[in-house]
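Commentary on secondary and tertiary structure
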Amino acid sequence: MKTQRILLAALWLATLTTLLAVLAGCADEAPPPAPPRVTVSQPLVQKVLEWDEYTGRLEATEQVEVRARVSGYLQSIHFNDGQIVKKGDLLFVIDPRPYQAEVDRVRAELDLARARLELARSDHARARALLQFRAISQEEADTRAATERQAEQSVAAGLAAVKAAMLNLEFTRVTAPITGRIGRRLVTEGNLINGGSAQATLLTTIVSLDPIYAYFEADERSYLRYMRAAQNGKQAGARASRIPVYLALADEKGFPHAGYIDFIDNRLDARTGTMTGRAVFSNPRLALTPGLFARVRLPAASAPREALLVPDEAIGSDQARKFVFVVNGDNTVEYRTVELGPLVHGFRVIRAGLRPEDWLVTSGVQRARPGLRVSPERRAISVPEKIDFLSPVSSASANGHPGAG
């Protein structure tokens, strides 16, 4: 009986050993996992005109603080707050009565001076006739001549006084010095207005609207790039020619407003290391308002050039570096560091690190790893027919930094 038990235990042990060996053999023969599937595409080769983008602020080409030039009580106001006024439109009337009285007074003094001049001329004429017959002395004749000259100067002074009084009377009617949108009235009727001095009362403000300026600041590297391109003849200088500029407000798609650069500052701001530029835009519909922020776009180069373009989602970030995954002839993933250019119509310009014949991973990037074998599906990058790579619409600056490039 004991021998039977020993044989049975040995049989079970042998059977278990055989099962374990079979299972181990089956495990060794399990097929490896399939390579991950990814979509690969060759970069687009297109002629593009690269654009730089900056943040700007709109400013009026003309802005005026309307102040009184004479003092007096404000009699009437002749505009509505915020309306469009034209140059010469009447805005305010200061009580003209004191100035009208002054005009009447100096006119009377002028008439008196003219009467005295007439008498002095008659006396001088008689003196000249009497002097020929030696009926009066030379001294008396000279006195009458001097009296005539004094009377002439009195008339001239009277004329000047009348002009000054008339000018002050005219200043009681405050008119718009420019065409534009007027602000709110800062004084109301009945207030005493102080005018004609540095402390003259501010009555309102006016800003012109058409055309309008957009000021922006370019970083030092971008300014040097523009300057070198102009010096080498690769790009027209902004000071010598009208460089095209496009503008969009915060809620606008594309860049619907076209203008040109008309001013570049004469020095960089030492505090910020930026150069101030100014573009001018027509504004017939008055859609552009001074003070608004805007996106300003100008060409990074004056002539189109061939560039490699890839979908922006195919680009990865490794801290400060940008990279793409490229599949080689062995279907193995390679890590490539690339230098980026601007974003043009949703496609990123690749300045360095990629060749036209390379196949980069455009879909399934999260499944790709350097050195991993993959199952690539080759597919051309689709481009909408309406895209014009030479237009400024829908491009942005590299890495999100204005003027990068």
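To keep things clear, this report deals only with the structure shown in the data block. Within each chain, residue numbers correspond to sequence positions counted from 1 in written order. The predicted nature of this model means local features are confined to residues of pLDDT at least 70 and side-chain atom pairs, given and counted, to a pLDDT of 80 or more, with totals for whole chains, interfaces and linings taken over all residues. Water and hydrogen atoms were dropped before computing side-chain values, which therefore reflect all heavy atoms in the structure.

**Concerning helix 3 (residues 138-171)**
The condition that has to hold: Runs of E in the DSSP output that reach at least two residues are strands. Runs of H or I that reach at least four are helices, and both are numbered from the N terminus. By definition here, a helix of n residues has an expected span of 1.5 Å times n minus one. Here's how the labels work: a residue is buried when its accessible area is under 20% of the maximum for its type, exposed when over 50%, partly exposed in between, all with a 1.4 Å probe on protein chains only. The criterion used for residue contact is that any of the two residues' heavy atoms lie within 4.5 Å.
An ideal rise of 1.5 Å per residue puts 50 Å on 34 residues; helix 3 measures up with 50 Å between its terminal C-alpha atoms. Within helix 3 the residues assigned to the buried category are Ala-141, Ala-145, Glu-148, Ala-151, Val-155, Gly-158, Val-162, Ala-165, Leu-169 and Phe-171. Packing partners of the buried residues in helix 3 comprise helix 2 (97-132) and strand 8 (173-175).

**Observations concerning the sheet that holds strand 12 (residues 212-219)**
To be explicit about the condition: Whether two strands pair depends on DSSP finding at least two bridges between them. Under this scheme, a helix contributes an axis fitted over its contacting stretch, all axes are lines through C-alpha atoms, and angles between N-to-C directions fall in the 0 to 180 degree range.
With antiparallel pairing, the six strands of this closed barrel are ordered in space as 3-12-15-14-13-16. Within this sheet the neighbouring strands show an average axis-to-axis angle of 40 degrees, counted without direction. Of the pairings in the sheet, the one linking strand 13 (residues 244-249) to strand 16 (residues 293-299) comprises four bridges and is antiparallel in character. Its bridge partner lying in strand 16, Ala-248 is registered against Arg-295. Each of strand 3 (51-60), strand 12, strand 15 (274-281) and strand 16 touches helix 4 (residues 220-231); the most contacted strand, strand 12, lies at about 100 degrees to it.

**Focus on the nonpolar core**
The condition that has to hold: Here, nonpolar core refers to any group of buried Ala, Val, Leu, Ile, Met, Phe, Trp, Tyr and Cys residues whose side-chain atoms link them within 4.5 Å.
Counting residues in hydrophobic clusters, the biggest one holds 31 residues, and the most contacted among them are Leu-74, Leu-91, Phe-92, Ile-94, Ile-193, Leu-203 and Ile-206. Elements that contribute at least two residues to this core include exactly strand 5 (72-77), strand 7 (90-94), helix 2, helix 3 and strand 11 (202-207). It is helix 2 that contributes the most residues to this core, seven residues altogether. For Ile-206, the residues in contact, after removing those within four places along its chain, are Glu-62, Gln-63, Val-64, Val-66, Val-85, Leu-91, Ala-176, Pro-177, Ile-178, Gly-180, Arg-181 and Ile-182.

**Thoughts on the pairing of strand 21 (residues 347-352)**
Where strand 17 (residues 305-311) meets strand 21, four bridges bridge the pair, whose relative direction is antiparallel. When the bridges of strand 21 are listed, Pro-311 appears paired with Phe-347. Here strand 20 (residues 333-344) runs beside strand 21; their pairing, made up of four bridges, is antiparallel. Each bridged residue has a counterpart across the sheet, and for Leu-343 the counterpart in strand 21 is Arg-348.

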